[in-house]
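Residue strings, one per chain:
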Amino acid sequence: MPAVHMLDPETTHTLEIIANKYNLFPKSYYEDPPSLKVNIFGREYSNPVGIATGFDKQAEAIVGLHQLGFGFVEIGSVTPEPEPGNSKPRVFRLPEDQAVINSRG
């Protein structure tokens, strides 16, 4: 079991943001094959796998997330004041599906 699974999902998520913000994960030098390229509304992406808005609500880790190899990193809307998001708990593990649900809002 990975060590991060010993922590609650919310704490793990916070650590992931910090690690990506400060580029603590190695940059991916993998080059996506041309067959993975997608064109969506006139924008070309190197692959169709992206990370959704709720993952990095404060847009702190954009560069680090992109360097992991995501085709796109979505940051969502910008507001004049921080939004609190949904009540905790808002990150859930689904071990049987090897998945995580993020409902940070």
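Residues numbered from 1 in each chain as written. Predicted model: local features only at pLDDT ≥ 70, side-chain atom pairs only at ≥ 80, totals over all residues. Heavy atoms only, no water.

1. Quick notes on the layout of surface pockets
The computed volume of the largest pocket comes to approximately 500 Å³. If you go around the largest pocket, you meet 18 residues; those closest to its centre are E16, F55, V91, A99 and V100. Those elements giving two or more residues to the lining of the largest pocket turn out to be α1 (9-21), β5 (91-94) and β6 (99-102). Of the residues forming the lining of the largest pocket, the biggest block, 4 residues, is contributed by α1. What the second largest pocket holds in volume is close to 290 Å³. K57, I75, S77, V78 and T79 are the residues nearest the centre of the second largest pocket, which is lined by 13 residues in total. Its residues assigned to classes, the lining of the second largest pocket comprises 4 nonpolar, 6 polar and 3 charged. (1 Å grid on protein atoms, 1.4 Å probe; cavity = no way out; pocket = protein on both sides within 12 Å on 5 of 7 lines; lining within 4 Å. Points joined across faces, edges and corners; volume = space filled by probe spheres on them. Helix = DSSP H or I, 4+ residues; strand = E, 2+ residues; numbered from the N terminus. Nonpolar A, V, L, I, M, F, W, Y, C, P; charged D, E, K, R; others polar.)

2. A short note on the nonpolar core
Counting residues in hydrophobic clusters, the biggest one holds 6 residues: I17, I51, F55, A61, L65 and V73. Excluding residues that lie within four positions of it along the chain, L65 makes contacts with N20, I51, F55, D56, F70 and V73. (Core = buried A, V, L, I, M, F, W, Y, C linked by side-chain atoms within 4.5 Å. Buried < 20%, exposed > 50% of the residue type's maximum accessible area, 1.4 Å probe, protein only. Contact = heavy atoms within 4.5 Å.)

3. Observations concerning the pairing of β6
The pairing of β5 with β6 spans 4 bridges and is antiparallel. Residue pairing for β6: L94 is matched across the bridge by A99. In this antiparallel pair of consecutive strands, β5 and β6, the connection spans 4 residues, and Q98 shows a positive phi of 50°. (Pairing = 2+ DSSP bridges.)

4. Here's the deal with the pattern of salt bridges
Within this structure, the stated rule accounts for 3 salt bridges. Note that R90 is salt-bridged to E10, the shortest N-O span being 2.8 Å. Note that R90 is positioned in the loop between β4 (72-73) and β5 and E10 in helix α1, a separation of 80 residues in sequence. Note on R90: relative accessible area 10%, which makes it buried. Of the residues examined, E10 reaches a relative accessible area of 10% and is grouped as buried. As a salt-bridge pair, K37 and E44 come within 3.9 Å of each other at their nearest N and O atoms. (Salt bridge = Lys/Arg side-chain N within 4 Å of Asp/Glu carboxyl O.)

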